[in-house]
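What the coordinates show
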Amino acid sequence: MDINTVNSLPYEDFVDVFGNVVEKCPLITAAVWSRRPFGNLADLEAAISEFIDALPESGKEGILRCHPDLAGRDLRGGTLTRESREEQAGAGLDALDAAEASRVAQLNDAYKRRFGFPFVICARMNDKGRILQQLSQRCLNEAAAERTRGIEEVKKICNLRLKGLVRADPPNKL
C-alpha cells in the first residue's frame, strides 16, 4: 500500500496491519496512529522510532522481552508470529543441526540470565553463523550497552517489516 492508503486507515485497521512491526507490541502502532498524516514511509518509521526512544528503560526492556528466543521453543513448536518465523527461517535458524541447536539454546539461556530479556538481532540482515557469533560476543556486553543494541536491532526489524507493507515514495520525475 502507499502512504496515502496508510493515512486513510481507520485506527483498528492501522493497528491490525502494523501491530506487529515491533514484535508483539501493537501498543506502539496504536500510539503513533494519532501522528497521521505521515508524509512518507520515512515519517512513519521515524514516528515509531521516536516513540520507542521516549520510553523509559523499563519500557525498552519490555519491548525486548516480547521477542522470542532465536531458534527456540516457539520456532520448534510452531508458535512464532508469521514475521518471526519467516525471518528466522530466512537466516537458516530452522535448519540447525543438533550441535548448533544445543549451542544456541545454551547461549540464549546465558544471555537471558545476564540481561533479563532475550537476544534480539535482525535475522534478515544476518545468517546463522553471524547470529551465533553475535550471540556469543554480545553475552559479554554491559547491560546498558546491550539494551541499547537490542533496541537498535528492534528498529532494524521494524523498518524492514514496514518496507514489506508500505511502498516507498516513487522518485521525483523532473
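Anyway, here's the lowdown on the structure attached to this text. (Residues numbered from 1 in each chain as written. Predicted model: local features only at pLDDT ≥ 70, side-chain atom pairs only at ≥ 80, totals over all residues. Heavy atoms only, no water.)

**Re the packing of aromatic side chains**
Selection rule: Classification of ring pairs rests on two measures: the distance between centres of Phe, Tyr or Trp rings, Trp counted by its six-membered ring, which must be within 6.5 Å, and the angle between planes, read as stacked under 30 degrees, edge-to-face over 60 and tilted in between. Runs of H or I in DSSP of at least four residues are treated as helices and runs of E of at least two as strands, each being numbered from the N terminus. Relative accessibility thresholds used throughout: buried, under 20% of the residue-type maximum; exposed, over 50%; partly exposed, between the two (1.4 Å probe, protein chains only).
Applying the stated rule across the entire model yields seven aromatic pairs. Arranged with centres 4.6 Å apart and planes meeting at 55 degrees, the rings of tyrosine 111 and phenylalanine 115 form a pair that is tilted. A residue pair is termed a helical-turn pair when its members lie 3 or 4 positions apart in one helix, as tyrosine 111 and phenylalanine 115 do in helix H8 (residues 98–115) at four residues. Like phenylalanine 115, tyrosine 111 is buried. Measuring from centroid to centroid gives 5.4 Å for tyrosine 111 and phenylalanine 119, while their planes differ by 80 degrees, and the two rings are edge-to-face. Taken as a pair, tyrosine 111 and phenylalanine 119 share a single burial class, namely buried. Three or more aromatic residues joined by ring pairs form one cluster here, namely Tyr111, Phe115, Phe117 and Phe119.

**Re the layout of surface pockets**
For the record, the criterion: Grid points spaced at 1 Å and placed over the protein atoms alone form the basis of the search, with a cavity being a set where a 1.4 Å probe fits but cannot get out and a pocket an open set showing protein on both sides within 12 Å along at least five of seven lines. Lining residues have an atom within 4 Å of a point. Grid points are joined across faces, edges and corners, and a volume is the space filled by probe spheres set on the points. Three residue categories are used. Nonpolar comprises Ala, Val, Leu, Ile, Met, Phe, Trp, Tyr, Cys and Pro, charged comprises Asp, Glu, Lys and Arg, and polar comprises the others, including Gly. The domain limits used here are those given by an automatic or database domain assignment.
The space that makes up the largest pocket amounts to roughly 240 Å³. Contributing to the lining of the largest pocket are 15 residues, with Arg82, Glu83, Glu86, Arg161 and Leu165 lying nearest its centre. Elements supplying a minimum of two residues to the lining of the largest pocket: helix H2 (11–18), helix H7 (82–90) and helix H10 (143–165). Here the residues of the lining of the largest pocket are counted per class, giving five nonpolar, three polar and seven charged. For the lining of the largest pocket, the domains that each give at least three residues are domain 1 (3–54) and domain 2 (68–153).

Structural measurements only, silent on function.
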